[in-house]
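# Fold and contact review
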Amino acid sequence: MTDNITERFIEAAKRVGAEVLRMNTLQDAVTYIKDTAKGNTLVPETSLVKRHHLRALLSEAGADVFTGKFRNAGELPGAGITFCNFCLADTGTVVLDSTDEEMRLATTLPEMHFILVDPTKILRDNLAAVEPMTAFHQGNEPKFIAYITGPSRTADIERVLTIGCHGPREVHILLVAGISSDLMEN
Amino acid sequence: MATNDTYKKSVEAAIANPKLSKALHLFGDAYLIARENAYRGLDFEAMRTELAAIKDEVRVRRKELLAEFIQNAEAAGSKVFIAKDTKEANDYVINLAKQKGARHIAKSKSMVSEEAHLNKALEAHGIKASETDLGEWIIQLAGQRPSHMVMPAIHMFKEEVAELFTKECGTRLTPEIKTLVDHARLRLRKEYFNADIGLTGANFLVANTGGIGLVTNEGNARLCATLPKVHVVFAGIHKLVRNIEDAIKITRLLPRNATGQLLTSYITWIRGAVPVNGEQKEQHIVLIDGGREALYESKVCQNALRCIQCGACANVCPVYQTVGGHVFGSIYISAIGIILTAFYEGLDKAKEITRACIGCRSCVAVCPSKIDLEEIILHLRNEVTKDFGMGVVKNVAFKAVMKNRGLFHSMVRAASKLQGPITHKNRSDSERRIIRHLPLHFMDRDFTEWRDLPSIAPKSFRDQFDSIPQQVTNPQYRVGFFVGCGADFVYPEVGVSMIKVLNSLNVEVVFPKSQNCCGIPALYAGDTETGVDLAKQSVQAFTDAKVDYILCICPTCTMAIKRDFVDRLADHPQWSAKAMALSSKTMDASAFMENILGASAKLKAMGTGKAVTYHDSCHLKRGSNVWKEPRALLLASGHDIKEMKNSDRCCGFGGTYSFLSHPQISRQITKDKVETIQDTGVKTVATDCPGCMIMLKGAVGKADETIRCVHTMELLAEALDKTK
Ligand code: SF4
Ligand code: SF4
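None of these values were measured; they are calculated from a predicted model.

### A closer look at the site of ligand 2
Taken together, 14 residues lie near ligand 2, and B:Cys307, B:Cys310, B:Gly311, B:Cys313 and B:Cys367 sit nearest. Counted by class, the shell around ligand 2 contains 11 nonpolar, three polar and no charged residues.

### Side note on the packing of helix 26 (residues 528–545) of chain B against helix 28 (residues 573–583) of chain B
All names here are of chain B. Their axes nearest at 10 Å, the elements helix 26 and helix 28 cross at an angle of 60°. By the angle between their axes, helix 26 is oblique relative to helix 28. Judged by the sense of rotation from one axis to the other, the crossing of helix 26 with helix 28 is left-handed. Along the contact surface, helix 26 presents Lys-536, Val-539, Gln-540, Phe-542 and Thr-543, while helix 28 presents Trp-575, Lys-578, Ala-579 and Leu-582. For the contact of helix 26 with helix 28, the residue count by class is five nonpolar, two polar and two charged.

### What to know about the interface of chain B and chain A
Opposite the 66 residues of chain B that make contact, chain A presents 55 residues. Its salt-bridge partner being A:Glu158, residue B:Lys158 comes within 3.8 Å of it at the nearest N-O pair. Our count for the chain B to chain A interface comes out at 33 residue pairs in polar contact (both at pLDDT 80 or more). Every element with two or more residues in the side of chain B that touches chain A is listed here: helix 2 (18–38), helix 8 (134–142), helix 9 (158–169), helix 10 (177–194), helix 11 (220–226), helix 12 (244–259), strand 9 (266–271) and strand 10 (275–276) of chain B. For the side of chain B that touches chain A, the leading source of residues is helix 10 of chain B, giving 13 residues. Its residues assigned to classes, the side of chain B that touches chain A comprises 37 nonpolar, 15 polar and 14 charged. Taken together, the six bridges between strand 8 (residues 143–148) of chain A and strand 9 of chain B define a ladder with antiparallel strand orientation. Counterpart to A:Lys143 in the pairing with strand 9 of chain B is B:Arg271.

### A word on helix 34 (residues 690–703) of chain B
All names here are of chain B. Here helix 34 is 14 residues long and its end C-alpha atoms lie 19 Å apart, about the 20 Å a rise of 1.5 Å per residue gives. Burial of helix 34 is extensive: 12 of the 14 residues sit out of reach of the surface. Those residues of helix 34 that fall on the buried side of the exposure criterion are Pro-690, Gly-691, Cys-692, Met-693, Ile-694, Met-695, Leu-696, Lys-697, Gly-698, Ala-699, Val-700 and Gly-701.

### So, the packing of aromatic side chains
With the rule as written, the count across this model stands at 19 aromatic pairs over all chains. Arranged with centres 6.2 Å apart and planes meeting at 20°, the rings of A:Phe86 and A:Phe136 form a pair that is stacked. Of this pair, A:Phe86 sits in strand 4 (residues 86–88) while A:Phe136 sits in helix 6 (residues 130–136), and the two are 50 residues apart along the sequence. With respect to class, A:Phe86 is no different from A:Phe136; both count as buried. Aromatic side chains B:Tyr332 and B:Tyr344 sit 6.2 Å apart centroid to centroid with 75° between the ring planes, which places their arrangement in the edge-to-face category. Here B:Tyr332, found in the loop between helix 15 (318–323) and helix 16 (334–345), pairs with B:Tyr344, found in helix 16; they are 12 residues apart in sequence, far enough to count as distant. Overall, B:Tyr332 belongs to the buried group, its relative accessible area being 2%.

### Examining unusual backbone geometry
Residues and elements named next belong to chain A. Here the phi dihedral of His-53 falls at roughly 50°; this positive angle occurs in a residue that is not glycine. Along the chain, His-53 falls in the loop between helix 3 (47–51) and helix 4 (54–61). For His-53, a relative accessible area of 53% gives the class exposed.

### Here we look at the pattern of salt bridges
All names here are of chain B. Here the structure, examined in full by the defined rule, presents 48 salt bridges over all chains. Linking Glu-293 and Arg-62 is a salt bridge whose minimum nitrogen-to-oxygen distance equals 2.5 Å. Of this pair, Glu-293 sits in helix 13 (residues 292–297) while Arg-62 sits in helix 4 (residues 62–75), placing them 231 residues apart in sequence. Given the relative accessible area of 21%, Glu-293 is considered partly exposed.

### Considering the sheet that holds strand 12 (residues 282–288) of chain B
Residues and elements named next belong to chain B. The strand order across the open sheet formed by six strands is 1-12-7-4-2-3, and the pairing between neighbours is parallel. Unpaired on one side and paired on the other, strand 1 (78–83) and strand 3 (128–131) mark the two borders of the sheet. Averaged over all neighbouring strand pairs, the angle between strand axes comes to 20°, with direction disregarded. Relative to strand 3, strand 2 (residues 104–107) is paired through four bridges, and the arrangement is parallel. Bridged to Ile-105 within strand 3 is Ala-129. On top of the sheet, helix 10 reaches strand 2 and strand 3; it is set at about 125° to strand 2, its chief contact.

### As for the nonpolar core
Ranked by internal contacts, the top residues of the largest apolar core, which has 105 residues, are A:Met133, A:Tyr147, B:Val232, B:Phe234, B:Trp269, B:Phe328 and B:Leu373. The residue makeup of this core includes at least three contributed by each of domain 1 (61–290) and domain 2 (293–387) of chain B. Listed in part, the 49 residues of the second largest apolar core include B:Tyr491, B:Cys651, B:Leu696 and B:Ala699.

### Thoughts on the sheet that holds strand 20 (residues 708–711) of chain B
Residue and element names in this part refer to chain B. Read from one edge to the other, the open sheet built from four strands follows the order 18-17-19-20, with strand pairing classed as parallel. Every other strand in the sheet has two partners, leaving strand 18 (640–641) and strand 20 as the edge strands with one partner each. Note: strand 17 (residues 611–614) against strand 19 (residues 684–687), two bridges, orientation parallel. Counterpart to Tyr-614 in the pairing with strand 19 is Ala-686. Across the sheet, helix 32 (residues 628–636) lies against strand 17, strand 18 and strand 19, angled at about 175° from strand 17, the strand it touches most. Contacts from helix 34 reach strand 19 and strand 20, with the element oriented near 170° to strand 20.

### A closer look at the domain arrangement of chain B
What the domain assignment reports for chain B is domain 1 (61–290), domain 2 (293–387) and domain 3 (440–723). For domain 1 of chain B and domain 3 of chain B, the distance between their C-alpha centres works out to 56 Å.

### Observations regarding the packing of helix 32 of chain B against helix 35 (residues 712–723) of chain B
Residue and element names in this part refer to chain B. The geometry of helix 32 relative to helix 35 is characterised by a closest axis approach of 10 Å and an angle of 20° between their N-to-C directions. One way to sum up the angle between helix 32 and helix 35 is to call them roughly parallel. Crossing angle aside, the handedness with which helix 32 passes helix 35 is left-handed. In this structure, helix 32 uses Pro-630, Leu-633 and Leu-634 to contact helix 35, whose residues at the interface are Thr-712, Leu-715 and Leu-716. When its residues are assigned to classes, the contact of helix 32 with helix 35 shows five nonpolar, one polar and no charged.

Parameters at a glance
- Residues numbered from 1 in each chain as written.
- Chains lettered and ligands numbered in written order.
- Predicted model: local features only at pLDDT ≥ 70, side-chain atom pairs only at ≥ 80, totals over all residues.
- Heavy atoms only, no water.
- Near = heavy atom within 4 Å.
- Nonpolar A, V, L, I, M, F, W, Y, C, P; charged D, E, K, R; others polar.
- Axes fitted to C-alpha atoms, helices over the stretch in contact; angles between N-to-C directions.
- Helix = DSSP H or I, 4+ residues; strand = E, 2+ residues; numbered from the N terminus.
- Parallel < 35°, antiparallel > 145°, perpendicular 65-115°, else oblique.
- Left-handed = near helix turned anticlockwise from the far one by under 90°.
- Contact = heavy atoms within 4.5 Å.
- Salt bridge = Lys/Arg side-chain N within 4 Å of Asp/Glu carboxyl O.
- Polar contact = N/O pair within 3.5 Å; in protein donor to acceptor, adjacent residues only side chain to side chain.
- Pairing = 2+ DSSP bridges.
- Expected span 1.5 Å × (residues − 1).
- Buried < 20%, exposed > 50% of the residue type's maximum accessible area, 1.4 Å probe, protein only.
- Phe/Tyr/Trp six-rings, centres within 6.5 Å; stacked < 30°, edge-to-face > 60°.
- Core = buried A, V, L, I, M, F, W, Y, C linked by side-chain atoms within 4.5 Å.
- Domains from an automatic or database assignment.

See below:
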């Protein structure tokens with residue numbers, strides 16, 4: 001069942017123009033990112049990033065991990081790298097709690113966005129998201145939740161679909177088993 | 001569009017520019033395919049019924065939900081301001097900007113800010129607003145207003161965009177879409193960084209979280225909401241939903257219906273004052289009434305506020321496709337635009353566009369919020385007539401369309417494709433129902449409450465003709481067939497039957513394709529000019545066809561060609577001579593069969609013994625004095641005729657347009673007719689007029705489903721089939 005959902009997610013995400021790859025280990029994903037990303041690489045310090053020492057892994061692999069405040073990384077940084085909270089199989093969507101500003105900057109400004117996804121976090125469809133989405137909004141803390149479905153796009157000139165308008169032009173989804181199964185963390 | 005005259009000119013200008021119309025048609029076709037794919041495996045009807053229910057509940061509970069929203073938003077650090085009109089909303093933003101010393105606002109798309117003319121108001125106070133949505137930016141540079149809700153610059157071509165960008169940046173840009181998009185990406189980036197305030201719209205306001213939702217593709221709204229220190233949300237009060245589940249359900253419909261996407265690139269859920277540059281953001285939510293409360297209170301029109309602004313009602317609208325959104329709309333365009341214009345800008349502003357709707361109901365078929373847009377427009381049209389009189393406003397757009405045969409027929413084709421979801425499933429093909437169709441939309445009122453209207457046939461007669469086999473060697477006559485709109489678009493099977501019967505009588509049928517509507521509906525609506533134009537088109541078509549006779553299966557058409565064309569063209573001598581020549585050769589199909597061919601003698605061998613009753617159409621009996629002929633043919637083909645009482649009494653369809661402006665009278669007449677038919681106990685009623693068929697099929701069908709209403713030609717063809 002899970003695998004079926006994963007396949008559906010992969011197909012849907014590819015259909016909207018995302019790159020989706022299955023990776024054997026986190027290290028393989030790191031190597032892929034290092035080989036693909038160019039320029040300033042923004043890696044917000046989330047709990048999963050810390051737990052998996054992602055920044056260190058990327059630096060060691062030779063990626064250009066940006067160390068300052070992301071606002072100072074330029075208007076068009078090269079890449080942003082994040083984990084995710086969960087995904088939606090029917091639409092190929094990645095859901096990210098982006099309340100932390102560095103998270104928002106890392107996913108809106110760069111040319112490329114790399115997302116590390118644990119396949120157990122893929123939900124059947126967007127109706128299945130009602131529960132975790134409601135859970136996010138318990139209490140009254142400020143929240144910024146982003147659904148990301150493929151790269152930025154527009155059809156505003158002559159109705160021709162064009163990729164890469166104001167958000168990332170490329171979205172790379174890297175499936176790695178065993179990195180997290182908690183929908184509330186990223 | 002201050003006056004009828006400027007409106008008329010804008011319509012003419014739009015029609016004279018087929019480039020836009022062509023682009024919109026292509027878009028409309030591609031849209032339908034994309035949309036169909038996007039809904040595959042889902043039950044659109046069930047989904048939209050659910051959405052309508054959600055929105056209705058929100059309407060009823062709106063005060064309570066608004067209070068809940070405000071409480072939750074404030075708890076999360078937002079400031080909420082309720083603006084009774086757009087002026088108050090603008091003033092709030094201006095004051096806020098002044099307070100903050102802000103000179104620059106980066107904006108993402110917000111239709112209500114267009115409604116408020118916010119940019120202009122800001123400019124007057126020296127505050128610069130930069131649109132960052134690509135389409136909105138193009139429009140801003142061009143100094144125009146959006147012509148589509150989802151794609152504001154849909155009316156522009158890449159060359160024009162390149163021109164605008166070149167002028168703005170000073171370097172020449174080539175008119176390549178990719179180049180232009182890349183330019184916008186780079187150029188607008190600094191706007192987000194430099195802006196003091198970011199302003200976005202909202203697709204929903206979630207009451208139980210106090211958060212907003214943004215459904216977008218480009219990514220600019222995310223940047224506007226992230227980079228500047230202050231975030232202003234500009235939204236109409238009708239965007240409220242109860243909870244996240246409601247909002248998610250909207251996201252299942254909105255992108256699918258807007259652009260055929262399963263989901264847009266981004267859906268952004270923002271609640272409260274999120275962090276910004278190490279501090280807390282200031283978030284101001286400006287909720288605008290601006291006529292919405294009045295709309296909620298209008299029993300007849302309130303459903304319009306279910307709208308989720310997907311823009312689909314424009315995509316499929318033949319009038320929109322013909323003249324574009326700048327003509328067919330104001331701030332909001334097309335079907336929903338007519339209604340919102342009437343409420344937000346005043347009925348006066350909406351009077352022309354209210355008349356421009358042709359009543360095809362395509363918009364109703366695609367609306368994800370299940371709004372009966374056409375019904376509401378019809379109501380508003382009556383209000384316009386009440387307030388401004390009948391003759392003041394001419395239906396200019398419709399007129400232009402009727403005269404253009406290709407356009408008219410492709411519109412009917414489009415409407416036929418779309419009506420699928422709203423026609424009754426369980427009825428047989430000949431009992432297809434419901435749609436106010438062309439050109440009968442001239443009937444300003446609807447009577448579906450007491451009788452069904454037929455739907456447009458999946459394939460019109462004109463589209464079928466070439467594939468109808470005619471095995472006539474050595475025909476004794478070649479006749480031209482004037483099909484008429486009713487038989488062409490609603491009952492093409494009547495024409496097919498007629499050909500079968502004529503072929504068996506050794507007559508070949510020719511169908512001149514450039515014939516158009518007989519023009520009677522236009523004349524009834526007081527539009528003589530269109531009537532003359534239509535007459536010329538058909539006169540030319542049949543003169544060129546060089547046929548022995550011209551046959552009709554609609555007595556109104558027969559009258560039009562026999563009498564009307566000659567009168568109508570009296571001022572144009574060479575035309576009236578041609579019309580005269582045609583007049584003497586024109587007759588009703590049953591009259592031709594009987595009086596010219598002597599068919600009843602030849603049909604003698606047939607025998608079915610089926611009982612029928614016969615309804616005399618007003619125009620056939622009193623217009624052409626034909627009533628013996630169909631009876632003779634029916635008898636000869638083996639039918640028993642059981643006469644109804646007053647068989648030549650009007651069925652209520654009208655024949656004359658005046659009946660149609662008196663629906664109560666019309667209704668009573670039809671009721672009488674149905675009773676007399678039922679009294680005969682016969683289960684088949686024959687007639688020779690598609691107009692009567694529309695009326696009788698609808699009304700009889702509602703009274704007794706076992707009674708069948710058919711054209712005489714159909715019964716003759718069936719008898720032929722049986723004897724074979
Ligand atoms: S009913 Fe009127 S508004 Fe709706 S699609 Fe047809 S012409 Fe357009
Ligand atoms: S009225 Fe219906 S079809 Fe038109 S924009 Fe609104 S929701 Fe979409």
